[in-house]
Amino acid sequence: MKVLAIGRRRAVVDTAIKLLRANGFATEGFIADADALRALDTGEITNLIIGGGVEPNSRAALKQKAAARQVVVHEAQRGGRSIEEYLNDVVIPTLERQ
């Protein structure tokens, strides 16, 4: 399993990478769509986390590429939670069930 996180704030993406890796998930993360799309093209990514700040057009392109590669997409809905709380409460349990 390899996770890709994309967001618009470097600090948030870095926090996600650090926390996911600490929980045993190979993870990379980007703030630029082009980098994320290239990572999806490698065929190594199994899960994509799209941050809440990613714009609708970018989100659609990422989801389309992920679908073509059979990558599971997680769209962030933090609901006021910190990135750590969101990942611990929602994403990590989902990844562990896969």
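Here goes a summary of the coordinates provided. (Residues numbered from 1 in each chain as written. Predicted model: local features only at pLDDT ≥ 70, side-chain atom pairs only at ≥ 80, totals over all residues. Heavy atoms only, no water.)

### Here we look at the pattern of salt bridges
Side-chain pairing between opposite charges can occur once the charged atoms of the two side chains come close. For the structure shown, the criterion picks out ten salt bridges. Put simply, aspartate 33 and arginine 8 hold a salt bridge, and the shortest N to O gap is 2.7 Å. With aspartate 33 in helix H2 (residues 33–41) and arginine 8 in the loop between strand S1 (2–6) and helix H1 (10–22), this pair connects stretches of sequence that are 25 residues apart. With a relative accessible area of 29%, arginine 8 lands in the partly exposed category. For the salt bridge of glutamate 75 with arginine 59, the shortest nitrogen-to-oxygen distance reads 2.8 Å. Here arginine 59 lies in helix H3 (residues 56–68) and glutamate 75 lies in strand S4 (residues 72–75), a separation of 16 residues in the sequence. Taking relative accessible area as the criterion, glutamate 75 reaches 28% and is therefore assigned partly exposed. Among the residues examined, arginine 59 registers a relative accessible area of 14% and is labelled buried. (Salt bridge = Lys/Arg side-chain N within 4 Å of Asp/Glu carboxyl O. Helix = DSSP H or I, 4+ residues; strand = E, 2+ residues; numbered from the N terminus. Buried < 20%, exposed > 50% of the residue type's maximum accessible area, 1.4 Å probe, protein only.)

### Examining the packing of H1 against helix H4 (residues 83–97)
Pairs of packed helices are described in terms of their axes, by the angle between the two and the distance that separates them. Where H1 meets H4, the closest approach of the two axes is 11 Å, and the angle between their N-to-C directions is 45°. Judged by the inter-axis angle, H1 sits oblique to H4. Viewed along their axes, H1 and H4 form a crossing whose handedness is right-handed. Taken together, the residues of H4 that come into contact with H1 (itself represented by Val12, Thr15, Ala16, Leu19 and Leu20) are Ile83, Glu84, Leu87, Asn88, Ile92 and Leu95. Residue composition of the contact of H1 with H4, by class: eight nonpolar, two polar and one charged. (Axes fitted to C-alpha atoms, helices over the stretch in contact; angles between N-to-C directions. Parallel < 35°, antiparallel > 145°, perpendicular 65-115°, else oblique. Left-handed = near helix turned anticlockwise from the far one by under 90°. Contact = heavy atoms within 4.5 Å. Nonpolar A, V, L, I, M, F, W, Y, C, P; charged D, E, K, R; others polar.)

### Details of the pairing of strand S3 (residues 47–50)
A two-sided burial pattern is seen for S3, the buried positions comprising Asn47 and Ile49 on one face and Leu48 and Ile50 on the other. For S1 and S3, the ladder comprises four bridges, and the chain directions are parallel. Across the sheet, the residue bridging to isoleucine 6 is isoleucine 50, located in S3. Sheet topology places S3 next to S4; four bridges connect them, and they run parallel. Its bridge partner lying in S4, asparagine 47 is registered against valine 72. You can see the chain leave S3, run along H3 and come back into S4, and the turn it takes is right-handed. (Pairing = 2+ DSSP bridges. Right-handed = clockwise from strand over helix to strand, strands pointing away.)

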